[in-house]
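Per-entry structural report
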Amino acid sequence: MKAIVISEPNKIEIRDIPMPQVKEGEALLKIKYVGICGADVASFTGNQPFTTYPRIPGHEFSAEIVSIPENHKGLKAGDIVTCNPYFNCGDCYSCERGFVNCCTDNQTMGVQRDGAFCEYVAMPVDRIYSGKGLSAEELALIEPFSISQHAVSRAEIKETDSVLVIGAGPIGLFALLAAKQKCKRIVVADILDNRLALAKEYGADAVVNTKTQSLEEFTKEFTNGNGFDVCIEACGAPETFLGCIENAAFAANIILIGNGKRETNFVHSVILKKELNIHGSRNALKNDFINNIDLVASGKADVMKMVSGVYDINDALNAFNALANNDGTLAKLLIKIGD
């Protein structure tokens, strides 16, 4: 079968590799569409610390079931599905307490283990979720939506809350989409007008370009000087983390989704002074996937606005190069693997 392989940083090959070996309790899936995640781009550019080479990337995908053992889910051959790509050990302290999304030995497809940029994969049945009639393109967007949904769920947003999302990349936009299901006062901040325009399309009540406008002054006016009840950091930069702290209300919730590499220096007394609740967020849980499939199926969340383009498997290098050099005009790119 064909597979997209990052053989070394900045080098992609289409290789013929063996079909997957299907073990007991697993289904054979034919991949339909795969989204290119920021982690995949980091693997491509050599900036993903957890990636070893060669590596088949990809963990945002939809597939058709080719074969599957009898199961209590009612899944059968021919069903269009999506999957949970975070493999947990089941034995560590996190897994014992049910926090499987932050397993201490987590292995995400496409990063610590080979991913879905190939024609077929074998997946444990318990990681496969029914698509409930959604298109294969929509189902390829459920995983990144679930990352943001999980983060938003940590904030326990109330209807009367005001929310600030810093970062209008796909994860930030999906966080906006998730938060819109809970409250009506959401502001998105970024430095790229193209991304902010998409945030407005997704229902942001206001947007702020922090290159040209003071976020602190905007916050004072928008919140009557109180600050935001919830701040969601979706960039992973020291400046944006500090921006969340600065613009948060007293006793606010701060959620960190962005995965940064640079050190952040600040006087932590402000956290005590404001009694801020700061939460990290990693991966997603089964319910995040299932709830998002239901949400998209209900028509309340249009994830397809996120798609900036669809590439063929043989054109993967151009797709990765486009995102590696993204000027803000691109959100999510999908690669079509199979019919």
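First, a word on what this report is: a plain description of the structure on this page. (Residues numbered from 1 in each chain as written. Predicted model: local features only at pLDDT ≥ 70, side-chain atom pairs only at ≥ 80, totals over all residues. Heavy atoms only, no water.)

**Focus: the packing of helix H4 (residues 142-155) against helix H5 (residues 170-179)**
As a packed pair, H4 and H5 sit with axes 8 Å apart at the nearest point and diverge in direction by 55 degrees. For the element pair H4 / H5, the angle class is oblique. As H4 runs across H5, the sense of the crossing is right-handed. In this structure, H4 contributes Pro144, Phe145, Ile147, Ser148, Gln149 and Val152 to the contact, and H5 contributes Ile171, Phe174, Ala175, Leu177, Ala178 and Ala179. Here the residues of the contact of H4 with H5 sort into 10 nonpolar, 2 polar and no charged. (Axes fitted to C-alpha atoms, helices over the stretch in contact; angles between N-to-C directions. Helix = DSSP H or I, 4+ residues; strand = E, 2+ residues; numbered from the N terminus. Parallel < 35°, antiparallel > 145°, perpendicular 65-115°, else oblique. Left-handed = near helix turned anticlockwise from the far one by under 90°. Contact = heavy atoms within 4.5 Å. Nonpolar A, V, L, I, M, F, W, Y, C, P; charged D, E, K, R; others polar.)

**A look at the sheet that holds strand E12 (residues 206-209)**
With respect to topology, 6 strands assemble into an open sheet ordered E12-E11-E10-E13-E14-E15, the strand pairing being parallel. Only two strands of the sheet have a single neighbouring strand rather than two, namely E12 and strand E15 (277-280). Direction aside, neighbouring strands of the sheet carry axes that sit 15 degrees apart on average. Across 4 bridges, strand E11 (residues 185-190) lies against E12 in parallel orientation. Within E12, the position partnered with alanine 189 by the bridge is valine 208. Along the sheet, H4 contacts strand E13 (228-233), strand E14 (248-256) and E15; its crossing angle with E14, the most-contacted strand, is approximately 155 degrees. (Pairing = 2+ DSSP bridges.)

So, to be careful, I would describe these as geometric facts and stop short of saying anything about function.
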